[in-house]
Amino acid sequence: MGPSNGQQPSLDQQENPRPLHGGTPSKRPRSTWTRLAIMFPVLLAVMVVTAPINGAASTSPVTALPVGVGTAVLALCCYVGLVRWSEHRSATELALAEAAPGLGRGALLGFGLFTVTILLITALGGYRVTGWGSFDGLLITLGLMSCVAVVEELLFRGVLFRLLEEKLGTWASIGCSGLVFGVVHVVNPDFTLWGALAIAVEAGFMLGAAYAATRSLWPPIGLHLAWNVSLAGIYGTGVGGTDVGTGSLISGTMSGSDALFGGSSGPEASPLAVLLCSVLTVAFLVLAKRRGRLHRRGEVPTAH
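What you see is a predicted model; the values in this text were computed from it and never measured.

Rules used throughout
- Residues numbered from 1 in each chain as written.
- Predicted model: local features only at pLDDT ≥ 70, side-chain atom pairs only at ≥ 80, totals over all residues.
- Heavy atoms only, no water.
- pLDDT = per-residue confidence, 0-100.
- Contact = heavy atoms within 4.5 Å.
- Salt bridge = Lys/Arg side-chain N within 4 Å of Asp/Glu carboxyl O.
- Helix = DSSP H or I, 4+ residues; strand = E, 2+ residues; numbered from the N terminus.
- Buried < 20%, exposed > 50% of the residue type's maximum accessible area, 1.4 Å probe, protein only.
- Expected span 1.5 Å × (residues − 1).
- Patch = residues over 30% accessible without salt bridge, like charges linked within 9 Å, V, L, I, M, F, W, Y side chains within 5 Å.
- Areas by Shrake-Rupley, 256 points an atom, 1.4 Å probe, with all protein chains shown as cover.
- Axes fitted to C-alpha atoms, helices over the stretch in contact; angles between N-to-C directions.
- Parallel < 35°, antiparallel > 145°, perpendicular 65-115°, else oblique.
- Left-handed = near helix turned anticlockwise from the far one by under 90°.

**Focus on the confidence of the model for the protein chain**
Then, number 1: Here the protein chain shows a mean pLDDT of 88. Residues at 70 or above account for 86%.
Then, number 2: Within the model, the stretch residues 1-20 combines pLDDT values under 50 with 40 contacts to residues more than four positions away or in other chains.

**Quick notes on the pattern of salt bridges**
Then, number 1: Inspection of the entire model under this criterion finds 8 salt bridges.
Then, number 2: Measuring nitrogen to oxygen at the nearest pair gives 2.9 Å for the salt bridge that ties glutamate 87 to arginine 162. With glutamate 87 in helix H3 (residues 61-87) and arginine 162 in helix H5 (residues 135-168), the pair connects residues that are 75 residues apart, well separated along the chain. You'll find glutamate 87 and arginine 162 in the same group, each marked buried.
Then, number 3: It is possible to trace a salt-bridge network through shared partners that takes in Arg35, Glu87, Arg89, Glu93, Arg162 and Glu166.

**Comments concerning helix H6 (residues 170-183)**
Then, number 1: Along its 14 residues, H6 runs 20 Å from first to last C-alpha, staying within 8% of the 20 Å computed at 1.5 Å per residue.
Then, number 2: Every buried residue of H6 is listed here: Thr170, Ser173, Ile174, Gly175, Ser177, Gly178, Phe181 and Gly182.
Then, number 3: Elements in contact with the buried residues of H6: H5, helix H7 (193-214), helix H8 (218-234) and helix H10 (271-290).

**As for a nonpolar patch on the surface**
Then, number 1: Together, Leu179, Trp194 and Leu197 line one region of the surface with nonpolar side chains, adding up to about 290 Å² of accessible area.
Then, number 2: The residue tryptophan 194 is located in helix H7 in this model.

**Remarks on the packing of helix H4 (residues 99-123) against H8**
Between two packed helices, what matters for the description is the angle formed by their axes and the separation of those axes.
Then, number 1: Running from N to C, H4 and H8 point in directions that differ by 40°, and their axes come no closer than 6 Å. One finds that H4 runs oblique with respect to H8. Seen from above, H4 lies across H8 with right-handed handedness. For the pair H4 and H8, contact is made by Ala99, Gly102, Leu103, Gly106, Ala107, Leu109, Gly110, Phe111, Leu113, Phe114 and Thr117 and by Trp218, Pro219, Ile221, Gly222, Leu223, Ala226, Trp227, Ser230, Leu231 and Ile234, respectively.

Okay, structure coming up:
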């Protein structure tokens, strides 16, 4: 918001807008591009480092779950420290008071969304239950995905979306961060270009919209975690074209039309998943508009 005397924000203020969540900082935050150039590589390094640690711990739920949750907590602390250092504010998008309700609502949405997706695929003959897996397998997958969901949301929504929004506005930021999120999945084994595009639309856009509507990282983290755990830990299908976290409560198999059910990229690449997630994306964007949380290009974001 501009000065109370009606003057336009100075160039310095425009280059260093007040953070979306932190109120008025005691010191001027670093420029948007500087923060992006620092925070994105650091969180990317956290992702690279934690992946093999969690992989090594995935032999048993006794190690997988605490290591997964522990590395997720360390990633959260890293993000909070980066925000405090580079923006001179507390990371209110990770307010502890909002953690339980935010994670809970997100998890319910993520589980419900994928359950509806897999039920539709089952009804069309694309998925079949072959037996029971194990509860241990579910816990191992939960541990692995805890860190994955947290680090990816910090990186793509907490850093990339949030900082790009300061320069590009909400719509362009959702588009850019969502596309980058999809592109990085191309490197996964068995993932196709269509699968990456589907991930960009159904997950990248949806999770960006979830953050825009709530201005909290907890709901997208919960949604992301529950979606991944449902995929690999409950229904026994692949996540993002990989077999990571394939220990599951239910053993199932995918078959039938690749175009309809996702093929080697799994059910995430199914047009059914894209359609359902797009509906939720629109709902989040409508909610964001009603709450006044959609920002135009060049508009200085303000705390809510």
